[in-house]
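Geometric and topological summary
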Amino acid sequence: MDEVVMSRSRGAHAAPSGGRNRAIAWLAALALGGDGRRAGVSHAVDLLDRDRARPLCRRPRLRLRQVFGQDVPGGDGRQGVGDRPGVGRDHAHGAGRPGHESVPSTPVVLALPKEMATEPGWPQPLMPEVVQDLFNGDKTWKGMGHPEWGAFRIASPDPQKTLVGAVGFGTLTALANGGKPLTKSPDYYAPSKADFAVIHSEQKITTLTDTVAEANDLLDAVSTDDFARTVSAVLTTERDVIVHNAGNPQVEFVSIPLAAGAATVPLVVAASDAGGENAKAFADYARTPGGQITLQAAGWRSPKGAPPTIGTDSVGVTALEPAVFDEATIGAVRGAWTAMHTHGSTMALIDLSGSMNLPFPGSKLSRLDLVRTLANKAYDLASPKAASTVWFFHTSGGRDIIDDGLTLEINDTPVDGGQIHSDEIRRALRDARAGGGTPLYLAVRKAYQHAPKNYREGYLNQLIVLSDGNNEAAANSMTLKQLSDYLKKTYNPKEPVSISYLIVDPEGRIGPLKEVADLTKGVTVRVLSMKDVPGAFAQALFATP
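Attention here is on the structure that accompanies the text. As the structure is a prediction and not an experimental result, all values here were calculated from the model. (Residues numbered from 1 in each chain as written. Predicted model: local features only at pLDDT ≥ 70, side-chain atom pairs only at ≥ 80, totals over all residues. Heavy atoms only, no water.)

As for the overall build of the protein
- If you tally the helices and strands in the protein, you get 17 helices and 15 strands.
- In the protein, buried positions account for 56% of the 545 residues.
- Contacts spanning at least 24 positions in sequence make up 79% of the contacts within the protein whose residues lie at least 6 apart.
- Accessible surface computed for the protein: about 21,400 Å², of which carbon and sulfur atoms make up 51%. (Helix = DSSP H or I, 4+ residues; strand = E, 2+ residues; numbered from the N terminus. Buried < 20%, exposed > 50% of the residue type's maximum accessible area, 1.4 Å probe, protein only. Contact = heavy atoms within 4.5 Å. Areas by Shrake-Rupley, 256 points an atom, 1.4 Å probe, with all protein chains shown as cover.)

Let's talk about the pattern of salt bridges
- Scanning the model with the defined rule gives twelve salt bridges in all.
- Between R430 and D431 there is a salt bridge, with its nearest N and O atoms 3.0 Å apart.
- Between K481 and D485 there is a salt bridge, with the nearest N and O atoms lying 2.8 Å from each other. Placement of the pair is K481 and D485 together in helix α15 (residues 480–490), with a separation of four residues, close to one helical turn. (Salt bridge = Lys/Arg side-chain N within 4 Å of Asp/Glu carboxyl O.)

Structural notes on unusual backbone geometry
- In the segment running from W122 into P123, the intervening peptide bond is cis, with an omega of 15 degrees.
- On the secondary structure map, P123 appears in the loop between α2 (114–117) and α3 (128–136).
- Its identity is not glycine, yet N248 carries a phi of approximately 55 degrees, on the positive side.

Structural notes on the packing of aromatic side chains
- For the structure shown, the criterion picks out five aromatic pairs.
- Where W141 meets F152, the ring centres are 6.2 Å apart and the plane angle is 45 degrees; that geometry is what we call tilted. Of the two residues, W141 is situated in the loop between α3 and β3 (154–157) and F152 in the loop between α3 and β3; the sequence distance between them amounts to eleven residues.
- We classify F152 as buried; its relative accessible area is 8%.
- The side chain of K377 reaches across the aromatic face of Y189, ending 4.7 Å from its centre.
- Across the ring face of Y486, the terminal group of R445 is positioned such that the distance to the ring centre comes to 4.2 Å. (Phe/Tyr/Trp six-rings, centres within 6.5 Å; stacked < 30°, edge-to-face > 60°. Lys NZ or Arg CZ within 6 Å of the ring centre and 35° of its normal.)

So, in structure tokens, the structure goes:
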């Protein structure tokens, strides 16, 4: 199938992968205005969007046959824009170069029933402070008088597979950062309100679809309450909302524009080989004033961002013109999404030996209190869909004690008393008391028997040992050689579970622990003083060297 692409950019290649603690920094390229150039119409063979074209609108039934006299194949299919896995691969000829005209487009929006949308401020654009409050839980449906709508959560087409998803996620993350492009990773140890919101931006996308059309299917709810049982908002386009409302649905939706209308996706015209010339001619027609008027009557915005002339009761205020999203920007967003969307499956193994009661220099905390603080901070940041557990180890009465009562489960797994799994872990951290010796090697072996058995595909699987680093236990029944031999036999590079250490020892004694970490591609992080804590926390949290 050939395509005539009316596009602002040449698309995007995938960004290189990297440590998760560097993921947010990849969004540094996300400047909503790009380089300020406005690229234009390209008659190109491109993989930007091979969707079958959606009818331009349902009421009136304006289709390409009526506009130009030639149907785009599949013109009756209910498809959204920017749905293809190949979005952004560089097959364009001239798209995105300076000197081309701008093209018709449609803003990327959050679609909500009007009853829900007025709370976040519709018809005004979505403001950074509102995004921060929603993402951080400072603004809730319960607090707005609607506990029946549950938690705020978003359905989105996959940013890796769709242009709408990529533009939407990148813009939401920039809004979470106070409306500014990100130029560095969040401060994980002492996060600001913006840092928390950026970290939570991926977590709020609780429903992920392969295509925009599948996300739009969620609009077919029978009532506002029915819709709110699944999600609070759908990331889609303004034109898709107009199309939905034109079909006499049971629930009409409105559009909250992202970045005040700057976040948009361009019109794409698809045609079969036989219809290629017709599609080119249509693209030429779309350049003309008459063509732009026709497209605005079909739900698109003009190249300068003038609103559509149909479905105007559902559109929001857009103070900015459409912006350029070039391949570097989209690639950066996709790289960040991939890294942030990789959840952890983490066992924390905490030393409760007597030496953990010693004060940590430069603070009022004991070594155990510092470890407890770090673990709780990790849970403040953790995704509800991450998996975790905490085990403790020490000796008592001449016996090695490994407290392995908590299994490796998804954090939001329900438990007794209306609580969730992570609540149990926080309670165990609160109640932990130190005393006795340090059966470190035995504890690591027992934990490493559990973690690989609970390996989760697609997760970052790791065992993190938080200790002052000494293997001092009269009853210890495991030597370093025995542990090393066991790990050499057990470590599976096809299902890797790394062992990493965070050593809270002012004397900096790593000893043989690095050898154990190296066997499983883990890291050993030393905390010699309080100034080391923030960096060490992030390094151990994401197990990156």
